[in-house]
Amino acid sequence: MNIAITGSTGYIGTALCRHLREQGHFILPITRDILSPDSTQALLDILAQSDAIINLAGIPINHRWTHSHREAIMNSRVQVTRTVVSAMRSLDIPPRLMISASAVGYYPATPNAAWGTCVDETQKTAGEGFLSEVCTAWEREARLAPAQTRLAITRFGIVFSEDGGAYPLIGASCRRGIATVLGSGKQPVSWIDRADLVRAMDFILHHDTLNGIINLTVPEHITYAEMMEEIGRIHHTRLTVRIPAFLLELAMGRMSTMLTRGTCVIPRKLLEADFKWLSPTIRDFLQR
């Protein structure tokens, strides 16, 4: 299968390209220069020979959300998706599948919720705040894909891996013997191992019935405090320290809400399709 990918050199894109090549697929990277207004024909040429397009483009969000950085976060996702979809719509035969990234930040936050309030792909109401605004705008552009293209909008949970993503930052204090719990500790954490995220996207490529919104998270329900307890057990931590939400906001600004608020997200479509996680729980991830 010929697969075009935006964001192919990023944290997720690099792992995805490696995995798909190992499965025998041919990767067509869509680089920044190809997405420029002066390279419309180059983009059309790539999409015309692609069976699928995977849209991962977007600058990292783990920096202080200044006004200029918020604009860059929004534009890097919305403009790229708009450009790709516009090119697809101009083709007589567009790619058969588009997988477009989004995030569980779309959903309303449930910072102290009981598990009975978990959400799945049937949840229509968006949450409040910047991340929800980004996801809503991002997904709106993807939904304009040609009618003959199967569209899968994948809402990522927090992505963990040993060599990048959120885990090295979360686990850093534990390696020094201190488990750091942010905010109340009761906030749900909806996460996924990068290896499973990559495998899930490959799974979507080969399962034609999977379309629309698809949550890419683990099936485990866990709070931040419970997660830190598991990580602390692996690293034999001696002390647990709680950092109040207001201190995090002073240090990080509104970006701190990513850490102190959460949503319990159920990957119902993957469960119903019988997808098998390598790391369905944080304990499995830590023991791999």
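Coordinates for the structure precede this section.
Residues numbered from 1 in each chain as written. Predicted model: local features only at pLDDT ≥ 70, side-chain atom pairs only at ≥ 80, totals over all residues. Heavy atoms only, no water.

Participant: Please clarify how the side chain of E220 should be interpreted in this entry.
Facilitator: Its location among the elements puts E220 in the loop between β10 (212-216) and α7 (224-235). Lacking a salt bridge, the buried E220 has R283 as its closest oppositely charged neighbour, with an N-O distance of 7.5 Å. One polar contact links E220 to W191, side chain to side chain, over a distance of 3.5 Å. Separated by 3.0 Å, the side chain of E220 and the backbone nitrogen of I282 make a polar contact. With residues near it in sequence (within four places) discarded, E220 still touches W191, P280, T281 and I282. (Helix = DSSP H or I, 4+ residues; strand = E, 2+ residues; numbered from the N terminus. Buried < 20%, exposed > 50% of the residue type's maximum accessible area, 1.4 Å probe, protein only. Lys, Arg positive; Asp, Glu negative; His and termini not counted. Salt bridge = Lys/Arg side-chain N within 4 Å of Asp/Glu carboxyl O. Polar contact = N/O pair within 3.5 Å; in protein donor to acceptor, adjacent residues only side chain to side chain. Contact = heavy atoms within 4.5 Å.)

Participant: Just to check I follow, could you spell out unusual backbone geometry for this structure?
Facilitator: Generally, phi is negative for residues other than glycine and the peptide bonds are trans, each holding for most cases. In this model, H236 sits at a positive phi of 55 degrees, which is unusual for a non-glycine residue. Considering the arrangement of structural elements, one finds H236 in the loop between α7 and β11 (239-243). The phi dihedral of D274 is positive, around 65 degrees, even though this residue is not glycine. Examined against the element boundaries, D274 turns out to sit in the loop between α10 (268-272) and α11 (282-287).

Participant: Help me out: how do you make sense of a nonpolar patch on the surface in this one?
Facilitator: On the surface, I178, L239 and V241 cluster together into a nonpolar patch covering about 210 Å² of accessible area. Its location among the elements puts I178 in strand β8 (residues 178-182). (Patch = residues over 30% accessible without salt bridge, like charges linked within 9 Å, V, L, I, M, F, W, Y side chains within 5 Å. Areas by Shrake-Rupley, 256 points an atom, 1.4 Å probe, with all protein chains shown as cover.)

Participant: I'm lost on the state of the cysteines in this one. Help?
Facilitator: Joining two cysteines, a disulfide is a covalent bond between their sulfur atoms. Evaluated as defined, the whole model comprises one disulfide. Of all cysteine sulfurs in the structure, the one in C264 sits closest to C135, which takes part in no disulfide; the separation is 17 Å. (Disulfide = S-S within 2.5 Å.)

Participant: What should I look at first to understand the packing of aromatic side chains in this one?
Facilitator: Where two aromatic rings form a pair, the distance of their centres and the angle of their planes describe that pair. By the definition in use, this model includes eight aromatic pairs. Both rings, one in Y167 and one in F285, keep their centres 5.2 Å apart while their planes meet at 80 degrees; by these two values the pair is edge-to-face. Taken together, the residues Y167 in helix α5 (residues 167-171) and F285 in helix α11 connect sequence positions 118 residues apart. Residues Y167 and F285 agree in their burial class; the two are buried. Seen from their ring centres, W191 and F285 are 5.8 Å apart, and the 70 degrees between their planes marks the pair as edge-to-face. In this pair, W191 is assigned in strand β9 (residues 191-193) and F285 in helix α11, connecting sequence segments 94 residues apart. Given the relative accessible area of 0%, W191 is considered buried. What links up through ring pairs into an aromatic cluster is the set F160, Y167, W191 and F285. Positioned above the aromatic ring of Y106 is the side chain of R155, whose terminal nitrogen or guanidinium carbon lies 3.8 Å from the ring centre. (Phe/Tyr/Trp six-rings, centres within 6.5 Å; stacked < 30°, edge-to-face > 60°. Lys NZ or Arg CZ within 6 Å of the ring centre and 35° of its normal.)

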